[in-house]
Amino acid sequence: MEWPPRTFEMVFYWLLYTAAFGLLGIALVVLGFKIFDWLTPKLDIQHELGEKHNIAVALLLAAVILGISLIVAAAVHG
């Protein structure tokens, strides 16, 4: 496909591809986070963040989500 799109059909396909890959990326990030949660059974994320207000766990989760997002972006981009 060429850029800039010349017809409305091409614009529709570009938007469709963007939405599809965006949803795929979000789904893969959620799956990666769920796998991290499954691999760390001793870490009760809800308890640590909700009741104890543990900033270290919040920073760890932020780093995990950013790392997974970078991997997913590189995989989706090609």
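Reading the values: rules and limits
As a convention, each chain's residues are numbered from 1 in the sequence order in which they are written. Only residues with pLDDT of at least 70 get local features here, since the model is predicted, and only at 80 or more are side-chain atom pairs given and counted; chain-wide, interface and lining totals rely on the full set of residues. For side-chain calculations, the full set of non-hydrogen atoms in the structure is used, while hydrogens and water are omitted. One side-chain nitrogen of Lys or Arg within 4 Å of one carboxyl oxygen of Asp or Glu is enough to make a salt bridge. Predictor confidence is given residue by residue as pLDDT, running from a minimum of 0 to a maximum of 100. A run of H or I in DSSP counts as a helix once it spans at least four residues, and a run of E counts as a strand once it spans at least two, with each numbered from the N terminus. A simple rule labels every residue: compare its accessible area, found with a 1.4 Å probe on the protein chains alone, to the largest value its type can have, and call it buried under 20%, exposed over 50%, or partly exposed in between. By the convention used here, residues are in contact when the closest approach between their heavy atoms is within 4.5 Å. Multiply 1.5 Å by the residue count of a helix minus one, and that product is the helix's expected span. By the criterion applied in these results, polar contacts are pairs of N or O atoms within 3.5 Å in which, for protein atoms, one can donate a hydrogen and the other can accept it, and in which residues neighboring in sequence qualify only through two side-chain atoms.

### Looking at the pattern of salt bridges
Then comes step 1: Counted according to the given criterion, the structure contains one salt bridge.
Then comes step 2: With a shortest N-O distance of 3.4 Å, lysine 52 and glutamate 48 are connected by a salt bridge.

### Observations regarding the confidence of the model for the protein chain
Then comes step 1: Taken residue by residue, the protein chain gives an average pLDDT of 91. The fraction at 70 or more is 99%.
Then comes step 2: For the protein chain, per-element mean pLDDT is lowest for helix α1 (residues 8-39), which scores 92, and highest for helix α3 (residues 55-77), which scores 94.

### Describing the environment of proline 5
Then comes step 1: In this structure, proline 5 sits in the segment before α1.
Then comes step 2: Relative accessible area serves as the criterion here: at 23%, proline 5 is assigned to the partly exposed category.
Then comes step 3: Excluding residues that lie within four positions of it along the chain, proline 5 makes contacts with Met10, Val11 and Trp14.

### Topic: α3
Then comes step 1: The first and last C-alpha atoms of α3 sit 33 Å apart over 23 residues, in line with the 33 Å expected at 1.5 Å per residue.
Then comes step 2: Listed in full, the buried residues belonging to α3 are Val57, Leu61, Val64, Ile68 and Val72.
Then comes step 3: On its buried face, α3 sits against α1 and α2 (45-50).
Then comes step 4: Sitting at the head of α3, asparagine 54 places a side-chain oxygen 3.1 Å from the backbone nitrogen of alanine 56.
Then comes step 5: Positive phi shows up at glycine 78, right after α3, with a value of about 105°.

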